[in-house]
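Residues per chain are reported as follows:
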Amino acid sequence: MKKRKEIRMRVTAGTLKNRKIKSREGRETRPTLERIKEAIFSIIGDKVVDAKFLDLYSGTGNIAIEALSRGAKRAVMIEQDKEALRIIIDNIDTLGLTNVSRAYKNDVSRAIEILGRKNEKFDIIFLDPPYKENISISTIGKVSENNILAEGGIIISEHSIYEKMPEKIGNFVKYDERNYNKKIVTFYCYE
């Protein structure tokens, strides 16, 4: 069996600026483009400093690693794919982030329920689910049901142009949306 080629990305700002982030090439991995990543962090600004960050459908850990580099105090990454999780853990180890981050192999819905039962609260929740599944809305609904967004927190959803995000999901309202060609980034906060 032919081994998949790995792609390299980098941290764009902060304490880990220009450090490499490993990824894999293939149909299941679709890392957030550097320009979109920079735009997201430009929009949220200082909200990332000292934040507890949750990265759902984490893929490579790219976004959570960027958040940690820019001052987040803790990051949790959820990924169901075993190979992707291996790459996330490798990135965490290589970048020296083991004390401030954790990566878990789990279904996102189950992980959200577990975090809710543990009364975990996150200041920033980022999600970038597989586009073909159109599950951003239901995932944000699950976040609302399980009350894991801290007061004053924000949710950032990267999704395809074909998934139309409503003005309101559960306890959250849309407050910003940016179009990046075939990708859209939508921001939610408490009503």
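If you're wondering where the values come from, they're calculated on a predicted model, not measured in any experiment.

Right, let's talk about the sheet that holds strand β6 (residues 122-127) for a bit. Here eight strands make up an open sheet; going across it, the order is β5-β4-β3-β6-β7-β10-β9-β8 and the pairing mixed. Sheet topology places β5 (101-105) and β8 (168-169) at the edges, where each strand pairs with a single neighbour. As judged from the two bridges shared by β8 and strand β9 (residues 172-180), these two strands associate in the antiparallel manner. From the neighbouring strand, I169 faces β9, where its bridge partner is F172. With respect to the sheet, helix α2 (residues 62-69) is in contact with β3 (52-56), β4 (74-79), β5 and β6, its orientation differing from that of β3 by roughly 165°. Against the sheet, helix α4 (residues 108-117) contacts β3, β4 and β6, and its axis sits at roughly 155° relative to β3.

On to helix α3 (residues 82-94), then. Over its 13 residues, α3 extends 18 Å from the first C-alpha to the last, a length consistent with the 18 Å expected when each residue adds 1.5 Å. When we look at burial in α3, the residues that qualify are A84, L85, I87, I88, N91 and I92. Down the axis of α3, the buried set is contained in an arc of 160°. They therefore lie on one face. Next to the buried residues of α3 lie β2 (20-22), α2, β4 and β5. Where α3 ends, the next residue or the one after it, G96, has phi of about 70°, a positive value.

Turning next to the packing of aromatic side chains. Inspection of the entire model under this criterion finds two aromatic pairs. Measuring from centroid to centroid gives 5.0 Å for F172 and Y190, while their planes differ by 55°, and the two rings are tilted. Taken as a pair, F172 in strand β9 and Y190 in strand β10 (residues 183-190) lie far apart in primary sequence, 18 residues in all. Residue classification places F172 among the buried positions, given a relative accessible area of 1%. With centroids separated by 5.9 Å and ring planes inclined at 55°, the aromatic side chains of Y175 and F187 adopt a geometry described as tilted. Of this pair, Y175 sits in strand β9 while F187 sits in strand β10, and the two are twelve residues apart along the sequence. Accessibility expressed as a relative area gives 0% for F187, which makes it buried. Positioned over the ring face of F122 is K52, at 5.6 Å from the centre of the ring.

Considered for burial, the residues of α4 that qualify are V108, A111, I112, L115 and G116. Within α4, the buried residues cover an arc of 140° as seen down the axis, which keeps them to one side. Away from the buried face of α4 by more than 90 degrees, exposed residues R110 and R117 are located. Where the residues of α4 are buried, they touch β3, β4, β6 and α5 (136-146). Between a side-chain oxygen at the N-terminus of α4 and the backbone nitrogen of S109 the separation is 3.2 Å; the capping residue is D107. Note on α4: the residue one or two positions beyond its end, N119, has a positive phi of about 55°.

By the definition in use, this model includes 13 salt bridges. The salt bridge partner of E191 is K168, with a shortest N-O separation of 3.2 Å. Of this pair, E191 sits in the segment after β10 while K168 sits in strand β8; the two residues are 23 residues apart in sequence, bridging distant segments of the chain. With a relative accessible area of 43%, K168 lands in the partly exposed category.

Another point: the nonpolar core. Membership of the largest hydrophobic core comes to 33 residues, with the highest contact counts inside it found for I44, F53, I124 and I156. The set of elements that each furnish at least two residues to this core consists of α1 (34-44), α2, β4, α3, β6, β7 (149-160) and β10. In contact with F53, not counting residues within four places along its chain, are I63, A64, A67, A72, R74, A75, V76, F122, I124 and F126. Counting residues in hydrophobic clusters, the runner-up holds 22 residues, among them L56, I78, I112 and I125.

Rules behind the numbers
Residues take numbers from 1 onward in each chain, read along the sequence in its written order. With the structure being a predicted model, the display of local features is reserved for residues of pLDDT at least 70 and the display and counting of side-chain atom pairs for 80 or more, all residues being used for whole-chain, interface and lining totals. The basis for every side-chain value is the complete set of non-hydrogen atoms in the structure, without hydrogens or water. Two strands pair if DSSP finds at least two bridges between them. By definition, any uninterrupted DSSP run of H or I lasting at least four residues is a helix, any uninterrupted run of E lasting at least two residues is a strand, and each is numbered from the N terminus. Here, residues are in contact when the closest pair of their heavy atoms is within 4.5 Å. Axis lines are fitted to C-alpha atoms, over the contacting stretch for helices. Their N-to-C directions set the angle, which ranges from 0 to 180 degrees. In this analysis, the expected span of each helix is defined as 1.5 Å times one less than the number of residues it contains. With a 1.4 Å probe rolled over the protein chains alone, any residue whose accessible area is under 20% of its type maximum counts as buried; one over 50% counts as exposed, and the rest are partly exposed. In this description, one arc is meant: the one made by directions from the helix axis to the C-beta atoms. Two rings from Phe, Tyr or Trp (for Trp, the six-membered ring) form a pair when their centres sit within 6.5 Å of each other. Planes less than 30 degrees apart are called stacked, planes more than 60 degrees apart edge-to-face, and all others tilted. Two conditions define a charge sitting above a ring: the NZ of Lys or the CZ of Arg must be within 6 Å of the ring centre, and it must be within 35 degrees of the ring normal. Pairing of N or O atoms within 3.5 Å defines a polar contact, subject to two protein rules: one partner must be a possible hydrogen donor and the other a possible acceptor, and residues neighboring in sequence count only if both atoms are side-chain atoms. Salt bridges are identified by distance alone: a Lys or Arg side-chain nitrogen within 4 Å of an Asp or Glu carboxyl oxygen. We define a nonpolar core as any set of buried Ala, Val, Leu, Ile, Met, Phe, Trp, Tyr and Cys residues linked to one another through side-chain atoms lying within 4.5 Å.

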